[in-house]
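As a plain string of letters, each chain reads:
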Amino acid sequence: MKTFLFDLDGTLLAANENDFMHAYFGELTHALHGLLPAEGLARNILTATARMQADTSPGSCNLVKFRREFEALYRGVDQQAVWDRIMEFYATTFDNVHDVMRRNEPLYRSVVYLRERGYRILLTTNPIFPQLATYKRLAWAGFSPDTFEYVSTMENCGYCKPNAAYWQHVATIMNVDPAQALVVGNDCTEDMSARLVGIETYLVTDYVIGDAASSGADHISDGLGFERWVMANY
């Protein structure tokens with residue numbers, strides 16, 4: 001039985017990366033006013049995230065790795081107060097980011113179709129957000145978390161795409177045979193890295209990140225093309 005591993009942002013969730021980043025950092029900077037200076041905040045978050053993504057050491061989840069890297073950039077501040085404010089942001093004004101994101105209808109219909117036919121469905125969004133923020137974005141895409149057997153978050157995963165260790169981790173804990181799996185995503189580097197562990201790949205190009213022609217994807221089309229392919233083959 002085939003297992004389908006779906007990305008979220010730019011795949012199940014229609015989202016332009018630049019629009020999302022602008023809205024996200026605008027809201028987060030406002031939320032952290034009075035605790036951290038606005039200047040350099042986005043850059044430091046991206047720096048800490050990149051270091052977290054590069055850290056493939058076992059034993060710690062991504063939440064712990066991110067906080068360690070982020071807090072190292074802000075010595076002498078009340079770290080717990082900052083983190084509490086960040087989580088308050090995800091619970092409240094993060095909702096405003098929804099304005100630049102919407103459900104990707106062909107992908108939504110494809111997931112519903114595959115679930116009705118009994119295929120295993122996993123959400124392999126890059127685990128760089130806490131569970132709260134991931135579940136909210138899932139809802140914006142039209143899904144509840146229990147649609148998926150597995151949803152990767154900062155709390156339950158210690159690796160990130162495009163590291164092969166991320167895919168190996170998911171395959172191991174969810175008992176997925178890479179030879180019987182398909183990754184569906186829009187990022188030529190992060191999602192297509194599943195090829196490193198022998199997983200078939202499908203690049204959806206509606207909100208593609210990177211160069212599709214050099215992605216090495218096994219299949220490439222827009223969302224409607226993916227839906228037609230699913231209907232014809234499964």
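Quick caveat: nothing in here was measured; it's all calculated off a predicted structure. (Residues numbered from 1 in each chain as written. Predicted model: local features only at pLDDT ≥ 70, side-chain atom pairs only at ≥ 80, totals over all residues. Heavy atoms only, no water.)

Asker: Which parts of the structure should I look at to understand the overall build of the protein chain?
Answerer: Along the backbone of the protein chain there are eight helices and seven strands. Over its C-alpha atoms the protein chain spans a radius of gyration of 18 Å, differing by no more than 12% from the 17 Å that the globule rule assigns to 234 residues. In the protein chain, which comprises 234 residues, the share counted as buried stands at 50%. Sequence separation of 24 or more characterises 67% of the internal contacts of the protein chain that already satisfy a separation of 6 or more. For the protein chain, the exposed area adds up to about 10,300 Å²; of that, 49% sits on carbon and sulfur atoms. Across the protein chain, the mean location of the 19 positive side-chain charges is 2 Å away from that of the 29 negative side-chain charges. (Helix = DSSP H or I, 4+ residues; strand = E, 2+ residues; numbered from the N terminus. Rg over C-alpha atoms; globule rule 2.2 N^0.38 Å. Buried < 20%, exposed > 50% of the residue type's maximum accessible area, 1.4 Å probe, protein only. Contact = heavy atoms within 4.5 Å. Areas by Shrake-Rupley, 256 points an atom, 1.4 Å probe, with all protein chains shown as cover. Lys, Arg positive; Asp, Glu negative; His and termini not counted. Charge placed at Lys NZ, Arg CZ, Asp CG, Glu CD.)

Asker: Looking at this structure, I do not really get the nonpolar core. What am I missing?
Answerer: Taken as a class, soluble globular proteins show a tendency for nonpolar side chains to be buried jointly. Core analysis: the largest hydrophobic core is formed by 55 residues, its most contacted members being Phe6, Leu12, Tyr24, Phe70 and Phe226. Per-element tally for this core: the top contributor is helix α1 (residues 17-31), with six residues. In this structure, this core is formed jointly by two domains, domain 1 (3-15 + 102-233) and domain 2 (18-97), each of which donates at least three residues. Core analysis: the second largest hydrophobic core is formed by 16 residues, Tyr150, Cys157, Val170 and Ile199 among them. (Core = buried A, V, L, I, M, F, W, Y, C linked by side-chain atoms within 4.5 Å. Domains from an automatic or database assignment.)

Asker: Mind showing me how you'd approach the environment of Glu227 here?
Answerer: You can see Glu227 is positioned in helix α8 (residues 223-233). You can call Glu227 buried: its relative accessible area is 11%. Residues Glu227 and Ala48, 179 residues apart in the sequence, show an inter-C-alpha distance of 36 Å. Every residue in contact with Glu227, bar those within four places of it in the chain, is listed here: Pro106, Arg109 and Ser110.

Asker: What's the story with the packing of aromatic side chains in this structure? I'm lost.
Answerer: Aromatic rings in a pair are described by how distant their centres are and how their planes are angled relative to each other. The tally for this structure, following the rule as stated, stands at 27 aromatic pairs. Ring plane angle 40° and centroid distance 5.1 Å describe the contact between Tyr108 and Phe143, whose orientation is recorded as tilted. Remark: Phe143 occurs in the loop between α6 (131-140) and α7 (164-173) and Tyr108 occurs in helix α5 (residues 105-116); sequence separation between them is 35 residues. The class of Tyr108 is partly exposed, set by a relative accessible area of 21%. Three or more aromatic residues link up through ring pairs in this structure, and these residues are Phe20, Tyr24, Phe25, Phe89, Tyr90, Phe94, Phe129 and Trp140. Sitting over the face of the ring of Tyr108, Arg103 holds its NZ or CZ atom 3.8 Å from the ring centroid. The ring of Phe129 has Arg137 lying over it, and the distance from NZ or CZ to the ring centre is 4.3 Å. (Phe/Tyr/Trp six-rings, centres within 6.5 Å; stacked < 30°, edge-to-face > 60°. Lys NZ or Arg CZ within 6 Å of the ring centre and 35° of its normal.)

Asker: Could you clarify how one ought to interpret the domain arrangement of the protein chain in this entry?
Answerer: Assigned domains of the protein chain: these are domain 1 (3-15 + 102-233) and domain 2 (18-97). Each of domain 1 and domain 2 has a C-alpha centre, and the two are 24 Å apart. Residue-level contacts link 19 residues of domain 1 with 22 residues of domain 2. Contact with domain 2 buries surface across domain 1, with Lys136, Trp140 and Met154 losing the most and accounting together for 29% of the total. Here domain 1 is connected to domain 2 by one salt bridge. Residues Asp95 and Lys136 are paired through a salt bridge, measuring 2.6 Å at the closest nitrogen-oxygen approach. Taken together, the links from domain 1 to domain 2 amount to eleven residue pairs in polar contact (both at pLDDT 80 or more). Across the side of domain 1 that touches domain 2, the residue classes tally to eleven nonpolar, three polar and five charged. (Buried area = accessible area lost by both parts, 1.4 Å probe. Salt bridge = Lys/Arg side-chain N within 4 Å of Asp/Glu carboxyl O. Polar contact = N/O pair within 3.5 Å; in protein donor to acceptor, adjacent residues only side chain to side chain. Nonpolar A, V, L, I, M, F, W, Y, C, P; charged D, E, K, R; others polar.)

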